[in-house]
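# An overview of the molecular structure
Residue strings, one per chain:
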Amino acid sequence: MSNTEHVTCLIIGSGPAGYTAAIYAARADMKPVIYTGLTPGGQLTETTEVDNFPGYPKGITGPILMDDLKAQAERFGTQVRFGMVTKADLKSNPKRVWVDDTTEITADSVIISTGASAKWLGLENENRLRMNAGGVSACAVCDGFFFKGQDVAIVGAGDTAAEEATYLAKLCKKVYMIIRRGEMRASKAMQHRVLNTPNIEILWNHETHDVLGKETVEGVVVKNNKTGEARTLDVKGFFVAIGHKPNTDIFKGQITMDELGYIQVQAGSSKTNIEGVFAVGDCADKTYRQAVTAAGTGCMGALDAERYLASVGVH
Ligand code: NDP
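Residues numbered from 1 in each chain as written. Predicted model: local features only at pLDDT ≥ 70, side-chain atom pairs only at ≥ 80, totals over all residues. Heavy atoms only, no water.

## A short note on the sheet that holds strand β10 (residues 136-137)
Formally: Strand pairing is assigned whenever DSSP detects at least two bridges linking the two strands. Here a strand is any run of E in DSSP of at least two residues, a helix any run of H or I of at least four, and the numbering for each starts at the N terminus.
The 5 strands lie next to each other as β10-β17-β11-β12-β13, forming an open sheet whose pairing is parallel. The sheet terminates laterally at β10 and β13 (200-203), the two strands that pair on one side only. Where strand β11 (residues 151-155) lies against strand β17 (residues 237-240), 4 bridges are found, and the strand directions are parallel. Paired with I154 across the strands is F239, a residue of β17.

## Description of the site of the ligand
What counts here: It suffices for a single heavy atom of a residue to lie within 4 Å of a molecule or strand for the residue to be listed as near it. Identification of polar contacts relies on pairs of N or O atoms within 3.5 Å, with a donor-acceptor requirement for protein atoms, meaning one able to donate a hydrogen and the other able to accept it, and with residues adjacent in sequence counted only if both atoms are side-chain atoms. Note on residue classes: Ala, Val, Leu, Ile, Met, Phe, Trp, Tyr, Cys and Pro are nonpolar, Asp, Glu, Lys and Arg are charged, and everything else, Gly too, is polar.
Surveying the vicinity of the ligand reveals 16 residues, the closest of which are D159, T160, R180, R181 and R185. T160 is positioned such that a nitrogen or oxygen atom in its side chain is 2.6 Å from an oxygen atom of the ligand. In the environment of the ligand, an oxygen atom lies 2.7 Å from a nitrogen or oxygen atom belonging to the side chain of R181. Considering every element that reaches the shell around the ligand, the biggest residue donor is helix α5 (residues 159-171), with 3 residues. Within the shell around the ligand, the residues separate by chemical class into 6 nonpolar, 4 polar and 6 charged.

## Remarks on the sheet that holds strand β16 (residues 230-233)
Test applied: Axis angles are defined between N-to-C directions and span 0 to 180 degrees, where every axis is a line fitted to C-alpha atoms and, for a helix, only to the segment in contact.
Spatial strand order, β14-β15-β16: 3 strands in an open sheet with antiparallel pairing. Edge positions in the sheet fall to β14 (206-212) and β16, since each has one partner strand and no second. Pairwise comparison of adjacent strand axes, ignoring direction, gives a mean angle of 25 degrees for this sheet.

## Digging into the environment of V211
Our working definition: In what follows, a contact means two residues having at least one pair of non-hydrogen atoms within 4.5 Å.
Structurally, the position occupied by V211 is in strand β14. With 201 residues separating them in the primary sequence, V211 and L10 have C-alpha atoms 42 Å apart. Not counting the four nearest positions on each side in its chain, V211 is found in contact with N125, E126, L129, V136, V217, G219, V220 and F238.

## Some details on the domain arrangement of the protein chain
The condition is simple: The start and end points of each domain follow an automatic or database-based domain assignment. Salt bridges are identified by distance alone: a Lys or Arg side-chain nitrogen within 4 Å of an Asp or Glu carboxyl oxygen.
Domain parsing of the protein chain yields domain 1 (3-117 + 244-311) and domain 2 (120-240). The C-alpha centroid of domain 2 is placed 31 Å from the C-alpha centroid of domain 1. Taken together, the contact pairs 8 residues of domain 1 with 9 residues of domain 2. The interface formed by domain 1 and domain 2 includes 0 salt bridges. Counting across the interface, domain 1 meets domain 2 through 1 residue pair in polar contact (both at pLDDT 80 or more). Looking at the side of domain 1 that touches domain 2 residue by residue, the classes come out as no nonpolar, 4 polar and 4 charged.

Now the structure itself:
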């Protein structure tokens, strides 16, 4: 079965970037249609308290924040639809995408806000405690505060892990950094910072074997992969910083990306290499990855799309 529908502004992905783009696009009368993807609301729906999104002095939960953003987008006429964009032909004019492999949409402009997904170790208890908000997190900036004055562990040895370890070290009593090799992948400058932070203890050649705790993290079992020696770290928080994967696979070969799959945008804008296609939020940002920065680029995407549509006489 095949249905085709034409829209002026199609937004793919429903995190803070996508909904903010929708708010601006709807207010500019671009009649945006947003496809949510399989996790409506994106990564924030998997977190609990969000204390760093401006405008909420008492904090807000991730799911409520995303419901609010959705409601705000709908207030101005955005059509929010559950569905996964599974295929795209962005070089054609109009652009063509397929939702759930069946519905075909043609669009004058497309704003990609498909986000990124944190990588996890894949341990059963890591997943359970993460889902229960029990002290397993992939974002130190978001959740480090909850472990003020306590001991935590972080796994990973790239720039993100190094940055997050030093961030955590300012808040926490002690930070164990679990590194699977005898060296770090992080830039020399970041390594230097980690090595010069007295309350970070590096566990070289260590791997994580289990995360302990029923409701909340009560310890982390690590093993030295050279000696086989195991030990339990007495920590209350467990941070995983082993990389993110941008959700951009369906655009490969069409849109210019970096070697990790992050969409490349022209500096200071949301413009991709394809006219009328814009990328916003974490799918185009491996550095900041915050809800508020995603929302900011979402606004840029809508404004860039509006200008593009005006320039081609569509809007
Ligand atoms: P990276 O892919 O660079 O690093 C991932 C780290 O996680 C590696 O040290 C890797 O170990 C480790 N790792 C992966 N899988 C496992 C596993 N199963 N168990 C244990 N350890 C594991 O990801 P980042 O998020 O750190 O960085 C992504 C990109 O973003 C990089 O290009 C980075 O430079 C950039 N970035 C830049 C920043 C800045 O400029 N301020 C800040 C943050 C990121 P191993 O080394 O053994 O493979």
